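Spelled out from the first residue to the last, the chains are:
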Amino acid sequence: MFTPSVQEHIRPSLQIVMQELLALTQESSVEHVTQVMSNIVETFADDMAPFAVQLCTQMRDTFLGMLEEELSRSGLGAPAGGLAAMMDDDDDDDEFGGLGLTIMGILRTMLTVIRAVDDHPQVLLQLEPVFYPLMSHVLQNANFDMLEEILEMVVAFTYIHGRPISDMMWSVLPMLYQAYKMSAFDYFTEMVPAIDNYISVDSDAFMADPSRLQMVLEMIEGVMTSTRAGDIERSNACKLIEAVMMRLRGRIDHVVPTLIDMALPAAGRASEDALIVCGLEVAINALLYNSTLALSHLESKGWTDMFLGAWSANADRFVRVHDKKLSIIALCQLWRTPSEQLPASAQNFLPASVAMMAKFLQTMPAAVLRRAYLENRMMQQVDDDDDDEVEEDDEGNAIGDEDDIFNEKDAQYLEQLTRRAGRAARREGAVPSGPDDEDDAAEMDAFEDDDEDEDDEDGENGFGSFPTGLEEEFFVELPIDETDEYIVFQETMDELQRAGGQRIALLSSALDADMQRVFAEAGKLAQKKREDEAAAPQKDKKQK
């Protein structure tokens, strides 16, 4: 992105360079300026923390000022207009087109700063009140063309390492709900990570206000019942239901039946694997939440046979580690449920469930290896991107593809910025005077006027993502992740064997030789995991 020599040239005046660039955005609506700002933030991410709050405050004020002034002057402040109308104007020479790109460029630069300081919780805490007016402005004024960027901010400020969600950020949840009701329905998939944070990061606070659960349930129901939603949107709603059930276990008995009613019919009508699996997993999670409650409701609807049969018939679609783990633990829960609490259809399902258990146990190791491979490849790509440096020849000129480095004109442009920054610093007494005090404003204007707009590619979300299919989800954490499915399986088998009786006899009668081998291997692995867990504290103690 920047050659080492250019980086060395910029670093001492980094803060002033950024301020000068920001000032340029107010003088002219050149998208290239905001792109340069984003590139600088990415390159000097480790150097941003000391002045991130001051810089973001200035960028926020510039952003809101430009947005308010131009929307007011152009009459585009209504939800039907807004920034998108400014950006999509057919007249390429219309200043609104360039201004809209500049405004979005500033917004994305602010996001880049947030990502750069993600490992500095104290800085994020200081940035939260800086960006709150911006988040509330966009959500309350229905500027939905900026919603994805605002949602990324919400995700960042509702997941500050080791911190509960602040009162300020709790006030954003009703804004999200109102935005959803106005016209942000189409952005539900993008809203899911933020909503999930409200449920998962601070569950006690979430449940302290009953309206918060009600808002989330209404949004889920809207997606599950609307003809506008597709299978992928509904599968994401089901993932959100899963988070509700797992995070709020024992607190939402009154809504579990409603959640089952939303998901199972949708899974039955689905054409996409994602909704089939995620819809069924709502009912599977209900078994884990409270098997008696779940089975009682399924039986009252006449759905028990349908659900258990669909679970068995679609077992091959449960390809992720999470899918298999969830099914193994839920089947163990079913096996442990007393006979008097099992409806006849569930008791009849028990022999078939043995083959399902064997399949999930047998295919789990391959799924774990595949997940580890994909995660390693993803992290390697991130490392490659972070370590990507531009080579130079003996004279300090960049070597490489012109798409991967700044060209000669860009380097000259940055040199002009740095010189201008130096003059500003000298005026403020920050650095001693030097020989390069010529006024090169006209030269800079020539660079700006001659620039062509470049496509702005959104970077990968540094706060993580929420996949819409059945890909492995590396940044989604659930309570079940801490549970070892092999140990749960073996503990269940040990418990049933100690109890004796018809249950263990019924399950054992369904085992063939291959299944017996799978169960035996799972038992050995469970024993090894137990031994490793027991040895871990002793190892830690010796190291101390």
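So, here's what we can say about the structure. (Residues numbered from 1 in each chain as written. Predicted model: local features only at pLDDT ≥ 70, side-chain atom pairs only at ≥ 80, totals over all residues. Heavy atoms only, no water.)

1. Observations regarding the overall build of the chain
Here is step 1: Helix and strand counts for the chain come out as 25 helices and two strands.
Here is step 2: The burial tally for the chain puts 51% of its 544 residues in the buried class.
Here is step 3: Pairs at least 24 apart in sequence give 76% of the contacts found in the chain among residues at least 6 apart.
Here is step 4: Surface accessibility of the chain: about 25800 Å² in total, with carbon and sulfur atoms responsible for 46%. (Helix = DSSP H or I, 4+ residues; strand = E, 2+ residues; numbered from the N terminus. Buried < 20%, exposed > 50% of the residue type's maximum accessible area, 1.4 Å probe, protein only. Contact = heavy atoms within 4.5 Å. Areas by Shrake-Rupley, 256 points an atom, 1.4 Å probe, with all protein chains shown as cover.)

2. Notes on the pattern of salt bridges
Here is step 1: What the rule picks out here adds up to 21 salt bridges.
Here is step 2: Between Arg-251 and Asp-204 there is a salt bridge; the shortest N-O distance is 2.4 Å. Here Arg-251, found in the loop between α14 (231-247) and α15 (256-269), pairs with Asp-204, found in helix α12 (residues 203-208); they are 47 residues apart in sequence, far enough to count as distant.
Here is step 3: For Asp-204, a relative accessible area of 51% translates into the label exposed.
Here is step 4: Because the salt bridges share partners, they merge into one network encompassing Lys-239, Glu-281, Arg-320, Asp-323 and Glu-473. (Salt bridge = Lys/Arg side-chain N within 4 Å of Asp/Glu carboxyl O.)

3. A look at the packing of helix α7 (residues 121-140) against helix α10 (residues 172-182)
Here is step 1: Following both chains from N to C, one finds α7 and α10 inclined at 25 degrees, their axes separated by 9 Å at the closest point. Between α7 and α10, the interaxial angle falls into the category roughly parallel. In the packing of α7 onto α10, the handedness of the crossing is left-handed. On α10, the residues touching Tyr-132, Ser-136, Leu-139 and Gln-140 of α7 are Val-172, Met-175, Leu-176, Ala-179 and Met-182.
Here is step 2: A class-by-class count of the residues in the contact of α7 with α10 yields seven nonpolar, two polar and no charged. (Axes fitted to C-alpha atoms, helices over the stretch in contact; angles between N-to-C directions. Parallel < 35°, antiparallel > 145°, perpendicular 65-115°, else oblique. Left-handed = near helix turned anticlockwise from the far one by under 90°. Nonpolar A, V, L, I, M, F, W, Y, C, P; charged D, E, K, R; others polar.)

4. A look at helix α11 (residues 188-200)
Here is step 1: In this model α11 runs 18 Å from its N-terminal to its C-terminal C-alpha over 13 residues, within 8% of the 18 Å that 1.5 Å per residue would give.
Here is step 2: Its maximal kink placed at Ala-194, α11 deviates by approximately 25 degrees.
Here is step 3: With twelve of its 13 residues buried, α11 lies for the most part within the structure.
Here is step 4: The complete set of buried residues in α11 reads Phe-188, Thr-189, Met-191, Val-192, Pro-193, Ala-194, Ile-195, Asp-196, Asn-197, Tyr-198, Ile-199 and Ser-200.
Here is step 5: At its buried positions, α11 is contacted by α8 (147-157), α9 (167-170), α10, α12, α13 (210-225) and α14. (Expected span 1.5 Å × (residues − 1). Bend = angle between axes of the 7 residues up to and from the residue.)

5. Digging into the environment of Lys-325
Here is step 1: Here Lys-325 is to be found in helix α19 (residues 321-336).
Here is step 2: Lys-325 sits in the buried class, given a relative accessible area of 9%.
Here is step 3: A sequence separation of 155 residues divides Lys-325 from Ile-480, and the C-alpha atoms of the two residues are 8.3 Å apart.
Here is step 4: In this view, Lys-325 contacts Met-364, Ile-480, Asp-481, Thr-483, Asp-484 and Glu-485; residues no more than four positions away in its chain are not counted.

6. Section: the packing of helix α16 (residues 273-289) against α19
Here is step 1: Orientation of α16 relative to α19, taken along the N-to-C sense of each, is 35 degrees, at an axis distance of 9 Å. Of the two possible hands of crossing, α16 and α19 adopt the one that is left-handed. Facing α16, whose interface residues are Val-277, Glu-281, Ile-284, Asn-285, Leu-287 and Leu-288, α19 presents His-322, Asp-323, Leu-326, Ser-327, Ile-329, Ala-330 and Gln-333.
Here is step 2: In the contact of α16 with α19, the residues fall into seven nonpolar, four polar and two charged.

7. Observations regarding the state of the cysteines
Disulfide: a covalent bond connecting the sulfur atoms of a pair of cysteines.
Here is step 1: Applying the stated criterion to the full structure yields zero disulfides.
Here is step 2: No disulfide involves Cys-238; its sulfur sits 6.3 Å from the nearest other cysteine sulfur, which is in Cys-278.
Here is step 3: Residue classification places Cys-278 among the buried positions, given a relative accessible area of 4%. (Disulfide = S-S within 2.5 Å.)

8. Here's the deal with the side chain of Glu-128
Here is step 1: In this fold, Glu-128 is placed in helix α7.
Here is step 2: As a buried residue without a salt bridge, Glu-128 has its nearest oppositely charged side chain in Arg-163, at a separation of 9.4 Å. (Lys, Arg positive; Asp, Glu negative; His and termini not counted.)

9. Re helix α18 (residues 304-313)
One turn of the α-helix equals 3.6 residues, which is why residues spaced by three or four share an orientation.
Here is step 1: Considered for burial, the residues of α18 that qualify are Thr-304, Phe-307, Leu-308, Ala-310 and Trp-311. Summarising the axial view, the buried residues of α18 lie within an arc of 160 degrees, below the 170-degree limit, and thus occupy one face. In this structure, α18 carries Asp-305 and Ala-313 as exposed residues pointing more than 90 degrees from its buried face. (Arc of directions from axis to C-beta.)

10. Concerning the packing of aromatic side chains
Given two aromatic rings, one states the distance between the centres and the angle between the planes to describe the pair.
Here is step 1: Summed over the entire model, instances satisfying the criterion amount to ten aromatic pairs.
Here is step 2: A centroid spacing of 6.3 Å and a plane angle of 65 degrees characterise the contact between Tyr-180 and Phe-188, whose relative ring orientation is edge-to-face. The burial state of Tyr-180 is the same as that of Phe-188; both residues are buried.
Here is step 3: When the ring of Trp-311 is compared with that of Phe-349, the centres are 6.3 Å apart and the planes differ by 25 degrees; the resulting orientation is stacked. Taken as a pair, Trp-311 in helix α18 and Phe-349 in helix α20 (residues 344-387) lie far apart in primary sequence, 38 residues in all.
Here is step 4: Residue Trp-311 is classed as buried on the basis of its relative accessible area of 0%.
Here is step 5: Residue classification places Phe-349 among the buried residues on the basis of a relative accessible area of 8%.
Here is step 6: Three or more aromatic residues joined by ring pairs form one cluster here, namely Trp-170, Tyr-198 and Phe-206.
Here is step 7: In this structure, Arg-212 packs its charged tip against the face of Trp-170, placed 4.1 Å from the ring centre. (Phe/Tyr/Trp six-rings, centres within 6.5 Å; stacked < 30°, edge-to-face > 60°. Lys NZ or Arg CZ within 6 Å of the ring centre and 35° of its normal.)

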